[in-house]
Amino acid sequence: MSNPSPIKVFITGAANGLAEVREGLADHPEVELVGTAADPAKAGGKLAESAAQVILHGTTATDHVPTAEIEAIRAVTAAPIVLVTTASAHHILSEALQAGIFDVVLLPQLTDSVVFTIKKANSLAAGRSGGAPGKVSQHVEGKVVTVFAPKGGAGKTVLASNLAVVFARKHERRTLLLDLDLQFGDAAIMMGIEPEKTIYDLVMARRELDPDALAGYVTAHQSGVHVLPAPLRPEDAELVTEERLGHLFAVAKESYDVVVVDTPPFFHGPVLSTLDRTDQLLLVASLDVPAIKNIKLTLQTLDLLHYPKERRHLLLNRTGSKVGLRPGEVERALDMKVEFEVPSERDVPVSINRGVPIALANPRAGVVKSLGDIADKLVPMRTAATDDKKKSKRLGR
Ligand SMILES: Nc1ncnc2c1ncn2[C@@H]1O[C@H](COP(=O)(O)OP(=O)(O)O)[C@@H](O)[C@H]1O
Ligand SMILES: [Mg+2]
């Protein structure tokens, strides 16, 4: 389980020889010092924001574990704590484990041996954290579900955002909703969130993208879905290059079980590179002749791109109206099976205007039931045995 990026270490407290340890770590390639604070009680926000993976806490106490200080650290981070003290404090050792301290380093110590303890603490914590996005170690790659329609107004955003809610709430999957309708994306609005950051901030950042960094750009929705919205200004769309996007997908698949992608109604660069990484493609058609004609053209494009047939799924949205085509007619015209049907429901526009996804507001709605079936089929709960393992880990079994 090698970790290519340096381990983020935050140093708190004071101890004889701690300054030397800090100097040694500052130059060490396997460690990144993300902050220091003499008094952990005052370090709160700084410590929480540092995304530290290991805390080194120095203490001058020789006969007891500094419980109040340890609690102050615990209040803001779950990162493992390594207590640093001098050799004269060796009888702290037995107490330390009970206080939930990962290890005690008695100074003086070679930098390499301090780094070894830090690495041990970090790899243990990584194995332990299982479910938390951003701190994943052995994780099956997440699945990418892309919702596409060659026409605006087909229901892509309604379906993508509610499907994401179903994955997160009903299936308890770690779910990312990624809005790649880069110019006119409205996934954030439909989810009713006001994001501070968007994919624009992410692609403009200098820092290399990793699960921790990604976690800093997403907005958590009350359903559990994490949302990475489209840029706020249409002109920023072109800055989202295919290369950046490729990297984003790689990291997102590491952090999430399911990545649901909303798209614009055309095949441009970002959509093409998304297709390359799409495990399940949901093609949304409405029951009118122009929509079906455009789906037909889309299927031809997918053939040219050699996009596998078994990954394409045809969905008819807003069925049930009397004026539309019948599913059988659509199947004949497209020479493709209609796999899913989603009814037209008045609650959908109502929920959009309220900014609450219908899957959250009204889980019993017909639309939501259909989406449940779609979620089951596209990313089955029991395909990977690891899913069950992961779940039982989360439940503490
Ligand atoms: N199943 C449905 N029932 C009722 N209205 C729907 C349904 N699906 C979509 N709509 C309506 O269609 C409109 C367009 O949907 P949207 O998801 O924004 O389309 P797209 O993202 O493809 O442009 C929405 O405002 C919504 O009110
Ligand atoms: Mg849309």
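Residues numbered from 1 in each chain as written. Chains lettered and ligands numbered in written order. Predicted model: local features only at pLDDT ≥ 70, side-chain atom pairs only at ≥ 80, totals over all residues. Heavy atoms only, no water.

### Examining the overall build of the chain
Assigned secondary structure in the chain consists of 17 helices and 13 strands. The dimensions of the chain, computed from C-alpha atoms along their principal axes, are 85 × 40 × 35 Å. In the chain, which comprises 397 residues, the proportion classed as buried is 50%. Sequence separation of 24 or more characterises 76% of the internal contacts of the chain that already satisfy a separation of 6 or more. Averaging the coordinates of the 45 positive side-chain charges in the chain and doing the same for the 48 negative ones gives two points 7 Å apart. (Helix = DSSP H or I, 4+ residues; strand = E, 2+ residues; numbered from the N terminus. Buried < 20%, exposed > 50% of the residue type's maximum accessible area, 1.4 Å probe, protein only. Contact = heavy atoms within 4.5 Å. Lys, Arg positive; Asp, Glu negative; His and termini not counted. Charge placed at Lys NZ, Arg CZ, Asp CG, Glu CD.)

### Concerning the side chain of Asp279
One can find Asp279 in the loop between helix H11 (269–276) and strand S11 (280–286). As a buried residue without a salt bridge, Asp279 has its nearest oppositely charged side chain in Lys253, at a separation of 4.0 Å. Here the side chain of Asp279 touches Val144 through a polar contact of 2.7 Å, landing on its backbone nitrogen. In this view, Asp279 contacts Gly142, Lys143, Val144, Lys253, Tyr307 and Arg311; residues no more than four positions away in its chain are not counted. (Salt bridge = Lys/Arg side-chain N within 4 Å of Asp/Glu carboxyl O. Polar contact = N/O pair within 3.5 Å; in protein donor to acceptor, adjacent residues only side chain to side chain.)

### Digging into the domain arrangement of the chain
Domain assignment breaks the chain into domain 1 (7–129) and domain 2 (143–394). Here the C-alpha centroids of domain 1 and domain 2 sit 42 Å apart. (Domains from an automatic or database assignment.)

### Details of the site of ligand 1
Inspection of the region around ligand 1 gives 17 residues, with Gly153, Lys156, Thr157, Val158 and Pro343 positioned closest. A distance of 2.8 Å separates an oxygen atom of ligand 1 from a polar atom in the backbone of Val158. Relative to its unbound accessible area of 570 Å², ligand 1 is 82% covered by the protein chains. Looking at the shell around ligand 1, the elements with two or more residues in it are helix H6 (156–169), strand S12 (312–319), strand S13 (338–343) and helix H14 (347–354). (Near = heavy atom within 4 Å. Areas by Shrake-Rupley, 256 points an atom, 1.4 Å probe, with all protein chains shown as cover.)

### As for the sheet that holds strand S10 (residues 258–262)
Read from one edge of the open sheet, 8 strands run S8-S9-S7-S10-S6-S11-S12-S13, paired in mixed fashion. If you trace the sheet from one side to the other, it starts and ends with strand S8 (219–220) and S13, each paired once. Sheet topology note: the S12/S13 ladder contains 5 bridges and is parallel. Of the residues in S13, the one forming a bridge with Leu314 is Val338. (Pairing = 2+ DSSP bridges.)

### Notes on the environment of Asp276
Mapping Asp276 onto the fold places it in helix H11. The spatial distance from the C-alpha of Asp276 to the C-alpha of Asp63 is 60 Å, given a sequence separation of 213 residues.

### Some points on the sheet that holds strand S5 (residues 103–107)
Taken in spatial order, the 5 strands of this open sheet run S2-S1-S3-S4-S5, and their pairing is parallel. Both edges of this open sheet fall to strand S2 (31–37) and S5, since each of them pairs with a single strand only. Strand-to-strand twist across the sheet, computed as the mean angle between neighbouring axes with direction ignored, equals 25°. Across 4 bridges, the pairing between strand S3 (residues 54–58) and strand S4 (residues 81–86) is parallel. Bridging from a neighbouring strand, Gly58 pairs with Val84 of S4. Packed onto the sheet, helix H3 (residues 67–74) meets strand S1 (7–13), S3 and S4 and runs at close to 155° relative to S3. (Axes fitted to C-alpha atoms, helices over the stretch in contact; angles between N-to-C directions.)

### Here we look at helix H2 (residues 40–49)
Three or more residues of H2 are buried, namely Pro40, Ala43, Gly44 and Leu47. For H2, the arc enclosing every buried residue in end-on projection is 165°, short of the 170-degree limit, so these residues lie on one face. H2 presents Lys42 and Glu49 as exposed residues on the side facing more than 90 degrees away from its buried surface. Those residues of H2 hidden inside the fold are in contact with S1, S2, S3 and H3. Two residues or fewer past H2, Ala51 is found with a positive phi of approximately 55°. (Arc of directions from axis to C-beta.)

### Some thoughts on the packing of helix H12 (residues 289–304) against helix H13 (residues 327–334)
Their axes nearest at 10 Å, the elements H12 and H13 cross at an angle of 35°. In this structure, the crossing between H12 and H13 has a hand that is right-handed. Here Ile292, Ile295, Lys296 and Leu299 of H12 lie close against H13, whose contacting residues are Val330, Ala333 and Leu334. For the contact of H12 with H13, a count of residues per class yields 6 nonpolar, no polar and 1 charged. (Left-handed = near helix turned anticlockwise from the far one by under 90°. Nonpolar A, V, L, I, M, F, W, Y, C, P; charged D, E, K, R; others polar.)

### A word on the pairing of S5
In regular strands, side chains alternate between the two faces of the sheet. Two elements, S4 and S5, share 5 bridges in a ladder whose sense is parallel. Bridge pairing in S5 places Leu83 opposite Val104.

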